[in-house]
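Residue-level structure breakdown
What follows is each chain in one-letter form.
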Amino acid sequence: QVQLVESGGGLVQPGGSLRLSCAASGFSLSRYAMSWYRQAPGKERELVAGITSVRGRTNYVDSVQGRFTISRDNAKNTVYLQMNGLKPEDTAVYYCNAQYDLGPRAYWGQGTQVTVSS
């Protein structure tokens, strides 16, 4: 069964840190570009960070540049999002996405809630 399972969300105070994980099962992440998206209440889902499959090149939305770091461990079939300096506006449900390099195949996780509040 193909699955992406996110974990690591929770409640954190402003300025705090969290590390999200996205574990894949039923397929290998090695030929997939991986991304983290987020969706806050009443807003559209937005791309937060991405990492390519082979070279591991990364990109970030401007609002998280310098605070968030995306990484991947293909041996563990897992992608991470290290989030530092969290702000209340980072509050959202965070989703993991896998996009196949060679075709339109894509998978989504179920999401994990991140709440930044004092």
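The text that follows walks through the structure, step by step, so that each part is easy to find. These numbers come from a predicted model, not from an experiment.

Some words on the packing of aromatic side chains
- For the coordinates displayed, the defined rule picks out five aromatic pairs.
- Measuring from ring centre to ring centre gives 6.0 Å for tyrosine 32 and tyrosine 107, while their planes differ by 35 degrees; the resulting arrangement is tilted. Residue tyrosine 32 is found in strand β4 (residues 32-39), and its partner tyrosine 107 is found in strand β10 (residues 106-108); the two are separated by 75 residues along the sequence.
- Given a relative accessible area of 22%, tyrosine 107 falls into the partly exposed group.
- The rings of Phe27, Tyr32, Tyr100 and Tyr107 are connected pair by pair, giving a single aromatic cluster.
- Sitting above the plane of the tyrosine 95 ring, arginine 45 keeps its charged end 3.8 Å from the centroid.

Details of the pattern of salt bridges
- Considering all chains together, one arrives at four salt bridges under this definition.
- Of the charged contacts, one joins aspartate 90 and arginine 67 as a salt bridge, the two residues approaching to 2.8 Å between their closest N and O atoms. One end of the pair, aspartate 90, is in the loop between β8 (78-83) and β9 (92-100); the other, arginine 67, is in the loop between β6 (58-60) and β7 (68-73), and 23 residues separate them in sequence.
- Overall, aspartate 90 belongs to the buried group, its relative accessible area being 1%.
- A single salt-bridge network, built from bridges that share partners, covers Arg38, Glu46, Arg67 and Asp90.

A closer look at the pairing of strand β5 (residues 46-51)
- Taken together, the five bridges between β4 and β5 define a ladder with antiparallel strand orientation. Within β5, the residue paired with tryptophan 36 across the bridge is alanine 49.
- Here β4 folds back onto β5, and the loop between the two strands holds six residues, one of which, glycine 42, carries a positive phi near 75 degrees.
- The turn linking β5 back onto β6 is made up of six residues, and glycine 56 within it adopts a positive phi angle of 70 degrees.

Examining the sheet that holds β8
- Spatially, β1-β3-β8-β7 is the arrangement adopted by the four strands of the open sheet, whose pairing is antiparallel. The open sheet terminates on both sides in strands that have one partner only, identified here as β1 (3-7) and β7. On average, each strand axis in the sheet is inclined to that of its neighbour by 15 degrees, with strand direction left out of account.
- Judged from the six bridges that link them, strand β3 (residues 18-25) and β8 form a sheet pairing that is antiparallel. From the neighbouring strand, serine 21 faces β8, where its bridge partner is tyrosine 80.

Conventions adopted
- Residues numbered from 1 in each chain as written.
- Predicted model: local features only at pLDDT ≥ 70, side-chain atom pairs only at ≥ 80, totals over all residues.
- Heavy atoms only, no water.
- Phe/Tyr/Trp six-rings, centres within 6.5 Å; stacked < 30°, edge-to-face > 60°.
- Helix = DSSP H or I, 4+ residues; strand = E, 2+ residues; numbered from the N terminus.
- Buried < 20%, exposed > 50% of the residue type's maximum accessible area, 1.4 Å probe, protein only.
- Lys NZ or Arg CZ within 6 Å of the ring centre and 35° of its normal.
- Salt bridge = Lys/Arg side-chain N within 4 Å of Asp/Glu carboxyl O.
- Pairing = 2+ DSSP bridges.
- Axes fitted to C-alpha atoms, helices over the stretch in contact; angles between N-to-C directions.

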